[in-house]
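# Coordinate inspection notes
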Amino acid sequence: MAEDIEKPWRDAYKRCVALDAQWEKPRFRAAAIKELHHFMTTRCAAVPHLGPLVRLVRPEMTRQDLFSLIVPCERELKRVKVTDVDILSKDTPAALEVAPKMPLTVVADNFRSAINVGTLFRVSDCFGVEEALLCGYTPSPNDHRSKQAALGAEDWVSWQHVDRTLDAVQQLKAAGRQVIALETVEGAPTLETWQWQFPCAIVLGSERFGLDPDVIKACDGCMRIPMYGHKNSLNVVMAFTLVAHAARQAFEAQTGALT
């Protein structure tokens, strides 16, 4: 009989959902966390990508830690297929000079979608973004779904993983970068009025939960894209595309960089 490679993921997911449903009951929560830890260490240790997540399961785990288990399980079990990015793509000929990178870092806070990650790398490469910091449960650009969407752009944008978005913000600030949260905060300066200072970083919230208030508070400022229709948000990478274009224009205006 063929091995059911999804079974550990399904079983872990069921335990996580049951824990979430009863999270407000301390006695149940403690027992469920203990059982989940036992299951993860005995049944999932050798499962690629699932085994390492046992580090999140500890007596003092938070609900955010639990979400960081639930979302990868959902992603693995749904196996989202790329449908709108399987297109032809041509790189700039090697004989032609590409524009210099701009000192802009993009921070992805707990992205659920591997396709969004791949598209983020395409946008970052197109506009000359210097690096990407992938936080929390954000998929790696090496994920096969990310690669399908990136179409090779992951080879041209430096990246690293950071466990906590707040840590990434603090590291960037310590390195002298202005850190900007992109969020629908009432009264925040709009993209059109933002005064760009380089080097800088843009923090993008997760599709499901947005940016944590502590992350927004830690940033140097908050930028918003004004909305004029019934919906109050854009796809996270669509929003970043607008921001990256505006940043590139400002960078070239300030430095006379090659276009």
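Everything that follows concerns the structure shown earlier in this document.
Report follows, based on the coordinates. (Residues numbered from 1 in each chain as written. Predicted model: local features only at pLDDT ≥ 70, side-chain atom pairs only at ≥ 80, totals over all residues. Heavy atoms only, no water.)

### Structural notes on the overall build of the chain
Summing up its helical and strand segments, the chain has 8 helices and 6 strands in all. Secondary structure elements of the chain occur, N-terminal to C-terminal, as α-α-α-β-α-β-α-β-α-β-β-α-β-α. With 259 residues in all, the chain has 46% of them scored as buried. In the structure as shown, the chain presents an accessible area of about 14,300 Å², 54% of it carried by carbon and sulfur atoms. (Helix = DSSP H or I, 4+ residues; strand = E, 2+ residues; numbered from the N terminus. Buried < 20%, exposed > 50% of the residue type's maximum accessible area, 1.4 Å probe, protein only. Areas by Shrake-Rupley, 256 points an atom, 1.4 Å probe, with all protein chains shown as cover.)

### Some points on the packing of helix α1 (residues 7-21) against helix α3 (residues 63-78)
Two numbers describe how α1 lies on α3: the axes approach to 9 Å, and their chain directions differ by 145°. The handedness of the crossing between α1 and α3 comes out as left-handed. Across the interface between the two elements, W9, R10, A12, Y13, C16, L19 and D20 of α1 pack against R63, L66, F67, L69, I70, P72, C73, E74, E76 and L77 of α3. Grouping the constituent residues of the contact of α1 with α3 by class yields 12 nonpolar, no polar and 5 charged. (Axes fitted to C-alpha atoms, helices over the stretch in contact; angles between N-to-C directions. Left-handed = near helix turned anticlockwise from the far one by under 90°. Contact = heavy atoms within 4.5 Å. Nonpolar A, V, L, I, M, F, W, Y, C, P; charged D, E, K, R; others polar.)

### Focus: the pairing of strand β1 (residues 102-109)
Within β1, 8 of the 8 residues are buried, leaving the element largely enclosed by the surrounding structure. Pairing of β1 with strand β2 (residues 129-135), which is carried by 6 bridges, proceeds in the parallel orientation. Within β2, the residue paired with M102 across the bridge is V129. Where the polypeptide runs from β1 across helix α4 (residues 114-127) and back to β2, its parallel neighbour, the crossover connection is right-handed. By the bridge criterion, 5 bridges tie β1 to strand β5 (residues 200-204) in an arrangement that is parallel. From the neighbouring strand, L104 faces β5, where its bridge partner is C200. (Pairing = 2+ DSSP bridges. Right-handed = clockwise from strand over helix to strand, strands pointing away.)

### Focus: the pattern of salt bridges
Should their charged atoms come close, side chains of opposite charge can pair. Applying the stated criterion across every chain, the model contains 14 salt bridges. Taking the shortest distance from any N to any O, the salt bridge between R58 and D65 comes out at 3.2 Å. Taking the relative accessible area as the measure of exposure, R58 reaches 29% and is therefore partly exposed. Where D143 meets R145, a salt bridge forms, and the shortest distance between an N and an O atom there is 3.0 Å. By the burial criterion, D143 is buried, and R145 matches it. Each of the salt bridges in this network shares a partner with another, and the network as a whole consists of D20, E24 and R63. (Salt bridge = Lys/Arg side-chain N within 4 Å of Asp/Glu carboxyl O.)

### Some remarks on helix α6 (residues 165-174)
Listed as buried for α6 are T165, L166, A168, V169 and L172. For α6, the arc enclosing every buried residue in end-on projection is 160°, short of the 170-degree limit, so these residues lie on one face. Among the structural elements, β1, β2, β3 (158-162), β4 (178-182), β5 and α7 (213-218) are those in contact with the buried residues of α6. At the C-terminal side of α6, G176 shows a positive phi close to 90°. (Arc of directions from axis to C-beta.)

### Details of the pairing of β2
A large share of β2 lies buried, amounting to 6 of its 7 residues. Traced from β2 through helix α5 (residues 144-150) to β3, the parallel crossover comes out right-handed.

### Notes on the nonpolar core
Among the nonpolar cores identified, the biggest contains 36 residues, and W196, I202, L204, M223 and F240 are the most heavily contacted of them. For this core, the secondary-structure elements that each account for two or more residues are β1, α4, β2, β4, β5 and α8 (236-255). Counting residues per element, this core draws most heavily on α8, which supplies 10 residues. Apart from the residues lying within four places of it in its own chain, the contact partners of M223 are I180, A181, L182, E183, P189, T190, L191, W194, W196, I202 and V243. Residues A32, F39, L53 and L66 belong to the second largest nonpolar core, which totals 22 residues. (Core = buried A, V, L, I, M, F, W, Y, C linked by side-chain atoms within 4.5 Å.)

### Examining unusual backbone geometry
For the bond running from F198 to P199, omega is 0°, close enough to zero to count as cis. Position of P199 among the secondary structure elements: in the loop between β4 and β5. With phi around 75°, H49 is a residue other than glycine that occupies positive phi space. With a phi close to 55°, N110 is a non-glycine residue in the positive phi region. Topologically, N110 is positioned in the loop between β1 and α4. Residue classification places N110 among the buried positions, given a relative accessible area of 11%.

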